[in-house]
Number of protein chains: 2
Amino acid sequence: MAEAQAQALGEFLDDLASERPTPGGGGAAAISGAMGAALVSMVCNLTIGKPKYVEVEGELKEVLVRSERLRGELTKAIGDDVKAFDAVMGAYGLPKGETDEGKAARTAKIQAALKEATDVPLECARLCAEVIKLAEVTAEKGNLNVISDAGVAVQSAYAGLMSAALNVRVNAASIKDREFADGRLSELEALLGEAGSTTLKTYDVVKSKLG
Amino acid sequence: MAEAQAQALGEFLDDLASERPTPGGGGAAAISGAMGAALVSMVCNLTIGKPKYVEVEGELKEVLVRSERLRGELTKAIGDDVKAFDAVMGAYGLPKGETDEGKAARTAKIQAALKEATDVPLECARLCAEVIKLAEVTAEKGNLNVISDAGVAVQSAYAGLMSAALNVRVNAASIKDREFADGRLSELEALLGEAGSTTLKTYDVVKSKLG
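Residues numbered from 1 in each chain as written. Chains lettered and ligands numbered in written order. Predicted model: local features only at pLDDT ≥ 70, side-chain atom pairs only at ≥ 80, totals over all residues. Heavy atoms only, no water.

- Under an unreviewed UniProt entry, the name given to chain A is Cyclodeaminase/cyclohydrolase family protein, and the organism recorded is Chelatococcus sambhunathii.

The structure is reproduced here in structure tokens:
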């Protein structure tokens, strides 16, 4: 790693550890997912063009296009998390108002911010679940010399998914519109169920190839 | 996140995704562990000094000292992984030699590099296992307002441990000194067994507190 990168990464970890609430778990979730996507891309890049893997080249080229798109979206999600958190804190910080209308307006802003702060980590969870599916393909078909990286990819993306899930839950719990909240929680459960079994399977595939 | 940090993080992810073998899964493992340690520290920092949590303040101050030390060691481990990988590649790249002595010297260098490349991720795995234990304490005793971050901490550290484990295995598999390799693999299995159950338990503790 270049010196400037190492320094910036160290500073990011300092900020994560600090008593400031952002960056926090939501940002860490998106970074885990983005690292997973990057490692899927790495395995594709080290497989494509190798004569031994010519039969899977077409499929891995498609995986690479998708993993690079997901990496971009997950990198963007790091900042989205901060914005959504700040909006919730900002709404709670509004004056409580003395009239019923004033109170209702504040409550409506809080509820709108909480919905956004549920949808942002849910989108992160969806993206991580996509990365997990791509990691499965690279674990099965990628270059054996870097197959351990496909296993790291799936673990990173799964940590991102499980982390994002906590942020969906914590915000959904305070939403009064239960139809909205329950719909999001149902989608989350479905993502977790499928991705959990794919992660276990993919990790075992990698382990079995390490000799 | 500051603009310079976001840019450096994006560049690191570009390097991770590229066809260059480092940074790779070993570096990602160390970063996951360091994010876990940073989030343990964050929960401690947002609990210490709060009147409501005065009873656990002493314990969380001790946790914070340990999580910050672990964060420093895991940040250093990112670079150690690159060095260990480069040493293995360098040894394999040595001329094969035409005499028995020349061949034996090259083999000895490869084997020494493989031992180092087993011990470096094993140390990363040990550090991640320590982070998991601290995340358990913060999930049980930390400020409820940021308890989801304790859950993200344990998931990140567990991804680091599971990822480092793959790098221990891949290098241990090529080591001829089986007493050395089997000793490392036994220690790894013990770490994985204990940390796996602590991770599940800790995540459930957090989930139950999210309401």
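1. Overview of the UniProt feature "domain: Cyclodeaminase/cyclohydrolase" (unreviewed entry) in chain A
Right, on to step 1. Per the UniProt record, the feature "domain: Cyclodeaminase/cyclohydrolase" (unreviewed entry) sits at residues 9–188 of chain A.
Right, on to step 2. Spanning residues 9–188 of chain A, this segment combines 81% helix with 0% strand, and its end C-alpha atoms are found 30 Å apart. (UniProt positions renumbered as here; feature names shortened; annotations may be inferred. Helix = DSSP H or I, 4+ residues; strand = E, 2+ residues; numbered from the N terminus.)

2. Quick notes on the relation of the copies chain B and chain A
Right, on to step 1. Superposition record for chain B on chain A: RMSD 0.0 Å, screw rotation 180°, translation along axis 0.0 Å. Here the symmetry operator amounts to a two-fold rotation axis.
Right, on to step 2. Interface residue correspondence from chain B to chain A reaches 100%, placing this contact among same-surface, isologous pairings. (Least-squares fit on C-alpha atoms with pLDDT ≥ 70 in both. Contact = heavy atoms within 4.5 Å.)

3. So, helix α3 (residues 57–92) of chain B
Right, on to step 1. Relative to the 52 Å expected for 36 residues at 1.5 Å per residue, α3 of chain B spans 52 Å between its end C-alpha atoms, a close match to the ideal helical length.
Right, on to step 2. Where α3 of chain B bends most, the angle comes to about 30°, and this point is I78 of chain B. (Expected span 1.5 Å × (residues − 1). Bend = angle between axes of the 7 residues up to and from the residue.)

4. Description of the interface of chain B and chain A
Right, on to step 1. On the chain A side, the residues contacting the 54 residues of chain B number 54 residues.
Right, on to step 2. Summing both sides of the interface, chain B and chain A together bury roughly 4,700 Å²; the carbon and sulfur share of this comes to 69%.
Right, on to step 3. Area buried by chain B at its contact with chain A is led by Q5, M35 and L166 of chain B, which between them contribute 14% of it.
Right, on to step 4. Put simply, chain B and chain A have two salt bridges between them.
Right, on to step 5. In this assembly, chain B and chain A are joined by 14 residue pairs in polar contact (both at pLDDT 80 or more).
Right, on to step 6. Looking at the side of chain B that touches chain A, the elements with two or more residues in it are α1 (3–17), α2 (25–45), α3, α5 (147–172) and α6 (178–209) of chain B.
Right, on to step 7. The biggest single contributor to the side of chain B that touches chain A is α5 of chain B, with 14 residues.
Right, on to step 8. When its residues are assigned to classes, the side of chain B that touches chain A shows 28 nonpolar, 16 polar and 10 charged. (Buried area = accessible area lost by both parts, 1.4 Å probe. Salt bridge = Lys/Arg side-chain N within 4 Å of Asp/Glu carboxyl O. Polar contact = N/O pair within 3.5 Å; in protein donor to acceptor, adjacent residues only side chain to side chain. Nonpolar A, V, L, I, M, F, W, Y, C, P; charged D, E, K, R; others polar.)

5. So, the nonpolar core
Right, on to step 1. L13, M35, V40 and L161 of chain A together with L13, M35 and V40 of chain B are the most contacted members of the largest nonpolar core, which has 121 residues in total.
Right, on to step 2. V40 of chain A has contacts with V63, S67, V131, L134, A135, T138 and A153 of chain A, leaving out every residue within four places of it along the chain. (Core = buried A, V, L, I, M, F, W, Y, C linked by side-chain atoms within 4.5 Å. Buried < 20%, exposed > 50% of the residue type's maximum accessible area, 1.4 Å probe, protein only.)

6. Some details on α5 of chain B
Right, on to step 1. With 26 residues, α5 of chain B ought to run about 38 Å at 1.5 Å a step, and its terminal C-alpha atoms sit 38 Å apart, in line with that.
Right, on to step 2. With 24 of 26 residues buried, α5 of chain B is to be regarded as a mostly interior element.

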